[in-house]
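# Examining the three-dimensional arrangement
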Amino acid sequence: MITFESVTKRYPGGTVAVDQLDLEAPTGKTTVLVGPSGCGKTTSLRMINRMIEPTSGRVLIDGADTSAVSPARLRRGIGYVIQHSGLLPHRTVVDNIATVPLLLGVDRRTARARSLELLERVGLPQEMAKRYPAQLSGGQQQRVGVARALAADPPVMLMDEPFSAVDPVVREQLQNEFLRLQSDLGKTIVFVTHDIDEAVKLGDQIAVMRVGGTLAQVAGPSELLARPVDAFVAGFVGRDRGYRALGFTTVPSSVPVEREETVRLGESLTTARDRLAHGWVLVVDAEDRPQGWLSEHSVRSARDDLVTPDALNLGGTLATVRGSLRELLDAALSSPSGRGVVTDGQGHLLGTISPAAAVRLIEEHGSTAADAAGRGETA
Amino acid sequence: MNAAAGGGPPGVVEYVTSHHAEILSWLWSHTWLSVVPVLIGLVVSLPLGYLAARHRWVYPPLVTVGGLLYTIPSLALFVVMPSILGTRILDPVNVVVALSVYTVALLARVVADALGAVPEDVAQAATAMGYTSPQRLLKVDLPLAVPVITAGLRVAVVANVSLVAIAGTIGVPELGQLFTNGFQLSSDGPYYPPIVVGVVLCVALALVLDLVVVVVDRALTPWLRKGART
Ligand SMILES: Nc1ncnc2c1ncn2[C@@H]1O[C@H](COP(=O)(O)OP(=O)(O)OP(=O)(O)O)[C@@H](O)[C@H]1O
Ligand SMILES: [Mg+2]
């Protein structure tokens, strides 16, 4: 556990970046610091590994005052990931990852073996080991940055906007892999972002800070979306938080799906035409996994005789029974046929659901925002 | 003297054949007189540059003093050295010390700039991983400063080859002697061979030394070329 005890940072020149901060980041959980630019997130983070020394107050890790150890030793036990990876340009990927183990006196061979293992763990092929950072894409560099921070297996990880400099698609991948890694490793993580969506997705606990370096609210993600304490937090967590809150409720296995007539890839278009319902037919593969929708128009205008992948409309998203109500509603709303496709955990088709039915399900199973509103707790 | 060779004055080939022992020894002393000051200058510039990169107040005086030193004519420095060092006027140590001073004047600033140019995120990440300051200097800052420092070394080494030649005018034996000889032998009309030989050898020496620095630079910075072709 990381504990801030009335920590204040006043920079020379008088800016109070962090003001009397009291905060606990629980062991094995991800605590996200979020807030507008300049509210003191980076300053708070760096006071944990003493890149910045507090003006007053203490930072404890598992009850031990961080100022009692030498900064270099303290830092070797804390993983650190930043926005632009900060990889050493003159070292190969494998040597970059081995940095902290080598500083700790691990022999070169062991450190390299461990590096290669981590490379795989963060989803990079071993061929990249011998490359230099400049030979990697931004997303790959961030992965190496994460591997490097994990190399000495530190119990604590600090991450300062690690995914904000990559494009949205890569960011989403990196976030998903972060979640997968963290569920395996259970590190104590403090994660800084100014993106509330990222905070909600990754955080077990979210600390919203306001400019001036004070805490506005500390809460779990669903609680934060449902019950912002004041107008500042409400404004910060944003307009569509009711919709986002649906992300925390799982689709029940009893989800009322309609049976959907399907046609397989490679079957004849005549069959497809016969199975059209309200102008659309769902196409599946040989194992009953949804592939896309075929419209009446493309059935009639197709030049082949068979159902081929390139005629499909791939517009709709998929929902699964293990997914969230948010995904379910999104599948229903985004489907070109107006019928949201629902699959089981393995990707096999269960059936479809209309937006109206999805909304009924939401009403029955309750979104947290509506719950909170019911208890008279709105912003 | 010309009569001894029979016919007209001897050409470049005859000049070289009759003076090759001398020329070789001048070439050798010219080489070490050019190289040793660069090495001494580099060794002195590294800590000076480090101080200037680390403590901002050191930097402006370093740049100013360096610039002023460079404006002192080399000949004056060669002549003054004996009285400062207590050496004889023809002692090569005078040349070595004077050129070391020039090299420091040039390189200290280069080292300071190179160490100061380590990208902020790299420096931050290195610190955050637990490098102590000396470790960071040796394993991160210096390796990254190599390309800039070697660029400075190339200038210093080539400048030194031409500055050493000036010491010939006060009698220190190196390739500069060829110019003095050429001048002396031109009393009855221009006599070029020693001058031509001197110029060719100086240029060749400068090119070779420059190449050596380039080769060392390439050996130390493999990441720069690999990084460029992704
Ligand atoms: N070295 C410094 N000297 C003086 N003031 C500083 C220094 N570093 C940060 N500040 C100030 O402290 C405040 C908090 O800065 P900090 O970097 O912690 O913000 P942040 O929340 O990380 O912002 P961002 O989201 O833009 O990264 C800002 O007002 C900033 O200008
Ligand atoms: Mg910041």
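Structure shown above.
What comes next concerns the included structure. (Residues numbered from 1 in each chain as written. Chains lettered and ligands numbered in written order. Predicted model: local features only at pLDDT ≥ 70, side-chain atom pairs only at ≥ 80, totals over all residues. Heavy atoms only, no water.)

### Brief notes about the overall build of chain B
Our working definition: Helix and strand assignments follow DSSP, with helices taken as H or I runs no shorter than four residues and strands as E runs no shorter than two, numbered in order from the N terminus. Atoms counted for the radius of gyration: C-alpha only. Globule rule: 2.2 Å times residue count to the power 0.38. Type-normalised accessible area, obtained with a 1.4 Å probe on protein chains alone, sets the label of each residue: buried when under 20%, exposed when over 50%, and partly exposed for intermediate values. Contacts are assigned to residue pairs that have any heavy atoms within 4.5 Å of one another. Computed with a 1.4 Å probe, the accessible areas rest on the Shrake-Rupley method; for each residue, only the protein chains presented here act as cover. Positive: Lys, Arg. Negative: Asp, Glu. His and the chain ends are not part of the count. For charged residues, the charge sits on one atom: NZ in Lys, CZ in Arg, CG in Asp, CD in Glu.
A count of helical and extended segments in chain B gives ten helices and zero strands. Counting from the amino terminus, helix and strand elements in chain B follow one another as α-α-α-α-α-α-α-α-α-α. Its C-alpha atoms give chain B a radius of gyration of 22 Å, clearly above 17 Å, the size a compact globule of 230 residues would have. By its C-alpha atoms, chain B is 80 × 50 × 25 Å across when sized along the principal axes. Counting only residues that meet the buried cut, chain B has 41% of its 230 residues in that class. Contacts in chain B between residues far apart in sequence, at least 24 positions, make up 73% of those at least 6 positions apart. For chain B, the accessible area works out to roughly 11700 Å², and carbon and sulfur atoms hold 73% of it. When the 11 positive and 11 negative side-chain charges of chain B are each reduced to one mean point, those points stand 16 Å apart.

### What to know about unusual backbone geometry
All names here are of chain A. Located in the positive-phi region is D62, a residue other than glycine, with phi close to 50 degrees. Position of D62 relative to the elements: it lies in the loop between β4 (56-61) and β5 (64-65). For D153, which is not a glycine, the phi torsion comes out positive at approximately 50 degrees. Structurally, the position occupied by D153 is in the loop between α6 (138-150) and β7 (156-160).

### What to know about the pairing of strand β12 (residues 280-284) of chain A
All names here are of chain A. Note the following rule: For two strands to count as paired, DSSP must find a minimum of two bridges between them. The crossover handedness rule: strands pointing away from the viewer, path from first strand over the helix to second strand clockwise, crossover right-handed.
Counting buried residues in β12 gives five out of five residues, a clear majority hidden from the surface. Alternating positions in β12 separate into two faces, W280, L282 and V284 on one and V281 and V283 on the other, with burial throughout. Here strand β11 (residues 262-264) runs beside β12; their pairing, made up of three bridges, is parallel. From the neighbouring strand, R264 faces β12, where its bridge partner is V284. Following the chain from β11 across helix α12 (residues 269-274) to the adjacent parallel β12, one finds a crossover that is right-handed. Pairing between β12 and strand β13 (residues 290-295): five bridges, direction antiparallel. Within the sheet, the bridge partner assigned to V283 lies in β13 and is G292. From the end of β12 to the start of β13, which pair antiparallel, there are five residues, and D288 there has a positive phi angle of about 70 degrees.

### Focus on the environment of V218(A)
Residues and elements named next belong to chain A. Mapping V218 onto the fold places it in strand β10 (residues 214-219). Judged by relative accessible area, which is 37%, V218 ranks as partly exposed. Not counting residues up to four positions away in its chain, the partners in contact with V218 are L23, Q205, I206 and A207.

### Points about the side chain of D285(A)
Residue and element names in this part refer to chain A. The test is simple: Pairs of N or O atoms are called polar contacts if they sit within 3.5 Å, as long as, within protein, a hydrogen donor faces a hydrogen acceptor (for residues adjacent in sequence, only side-chain-to-side-chain pairs).
On the secondary structure map, D285 appears in the loop between β12 and β13. A polar atom in the side chain of D285 sits 2.9 Å from the backbone nitrogen of E287. Once residues lying within four places of it in the same chain are set aside, the contact partners of D285 are R264 and Q291.

### A closer look at the interface of chain B and chain A
Rules: Buried area is a sum: the accessible area each of two parts loses on coming together, probed at 1.4 Å, counted once for each and added. We define a salt bridge as a contact between a side-chain nitrogen of Lys or Arg and a carboxyl oxygen of Asp or Glu at a distance within 4 Å. All amino acids are sorted into three groups, where Ala, Val, Leu, Ile, Met, Phe, Trp, Tyr, Cys and Pro are nonpolar, Asp, Glu, Lys and Arg are charged, and the leftover types, Gly among them, are polar.
At the interface, 22 residues of chain B touch 23 residues of chain A. For the chain B face of the interface with chain A, the top three residues by lost area are A128(B), M129(B) and W223(B), together amounting to 30%. Where chain B meets chain A, there are zero salt bridges. Across the chain B-chain A interface, the total number found is four residue pairs in polar contact (both at pLDDT 80 or more). Those elements that place two or more of their residues in the side of chain B that touches chain A are α6 (120-129), α7 (133-167) and α10 (222-228) of chain B. Looking at side-chain class alone, the side of chain B that touches chain A contains eleven nonpolar, seven polar and four charged residues.

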